[in-house]
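Each chain, letter by letter, is given below.
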Amino acid sequence: RNSREPIQRVKIVKKRTARFTRFQSDRFKRVDASWRKPKGIDSVCRRRFKGKNILPNIGFGSNKATRYVTPAGFLSFPSTTPRSSRPSMMQNHTFAAEIAHGVSTQKRMAIIKRAAQLKIRVLNDKAKLRVEEQQ
């Protein structure tokens, strides 16, 4: 078995994939779609009338076993230097490195090389490297 695969793959079930939109954001351009709790005294959305926007509540929460788990089956941790992947060396079946956005190409290659030695999976190992090879 490949050592960069997760130990167990619990099926990730999302109770709702659609985003919760702000009430009347579809009617007015000035009202952004990002969620805000309706607070009006007569608000049909706040009063949970049938056919109106549904409000987020605790029932839409994810399974505790699959919360924060990536589609690859790992929990991710940020990596900014080649040394930062050392803590997950013993838990390489649970955690995978995710290289931070602002890391340079040279340091990215060093992180990927070090992760390969430690048998740690890097989630975004191809990011920013393709552009450099084409030029």
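Residues numbered from 1 in each chain as written. Predicted model: local features only at pLDDT ≥ 70, side-chain atom pairs only at ≥ 80, totals over all residues. Heavy atoms only, no water.

With that settled, consider the overall build of the protein chain. Looking only at helices and strands, the protein chain features 2 helices and 2 strands. Order of helices (α) and strands (β) in the protein chain, N terminus to C terminus: β-β-α-α. Against the 2.2 N^0.38 benchmark of 14 Å for 135 residues, the protein chain shows a C-alpha radius of gyration of 21 Å, more extended than a compact globule. Projecting the C-alpha coordinates of the protein chain onto the three principal axes gives extents of approximately 60 × 40 × 25 Å. Going through the 135 residues of the protein chain one by one, you find that 23% of them count as buried. The long-range share in the protein chain, meaning contacts at least 24 apart out of those at least 6 apart in sequence, stands at 48%. Accessible surface, the protein chain as shown: approximately 10500 Å² in total, 52% of it carbon and sulfur. (Helix = DSSP H or I, 4+ residues; strand = E, 2+ residues; numbered from the N terminus. Rg over C-alpha atoms; globule rule 2.2 N^0.38 Å. Buried < 20%, exposed > 50% of the residue type's maximum accessible area, 1.4 Å probe, protein only. Contact = heavy atoms within 4.5 Å. Areas by Shrake-Rupley, 256 points an atom, 1.4 Å probe, with all protein chains shown as cover.)

On to the environment of Pro78. Looking at the element boundaries, Pro78 is found in strand β1 (residues 75–79). Take Pro78: its relative accessible area is 65%, and that puts it in the exposed class. For the pair Pro78 and Lys11, spaced 67 residues apart in sequence, the C-alpha separation works out to 24 Å.

Attention now goes to the side chain of Ser25. Mapped onto the elements of the fold, Ser25 is located in the segment before β1. Leaving out residues up to four positions away in the same chain, Ser25 has contacts with Val31, Asp32 and Ala33.

Before going further, it helps to examine the environment of Val44. With respect to the helices, strands and loops of the structure, Val44 is situated in the segment before β1. For Val44, a relative accessible area of 24% puts it in the partly exposed group. Taking the C-alpha atoms as reference, Val44 lies 10 Å from Ile54; in sequence the two are 10 residues apart. In this view, Val44 contacts Phe23, Phe49 and Lys52; residues no more than four positions away in its chain are not counted.

Of all hydrophobic cores here, the largest spans 9 residues; its members are Phe77, Ala97, Ile99, Val103, Ile111, Ala115, Leu118, Ile120 and Val122. When contributions to this core are tallied by element, the ones reaching two or more residues are β2 (95–99) and α1 (105–118). Per element, the largest residue contribution to this core is 3 residues, and it comes from α1. In contact with Ile120, not counting residues within four places along its chain, are Arg4, Ser85, Ser88, Met89, Asn92, Ala97 and Ala115. (Core = buried A, V, L, I, M, F, W, Y, C linked by side-chain atoms within 4.5 Å.)

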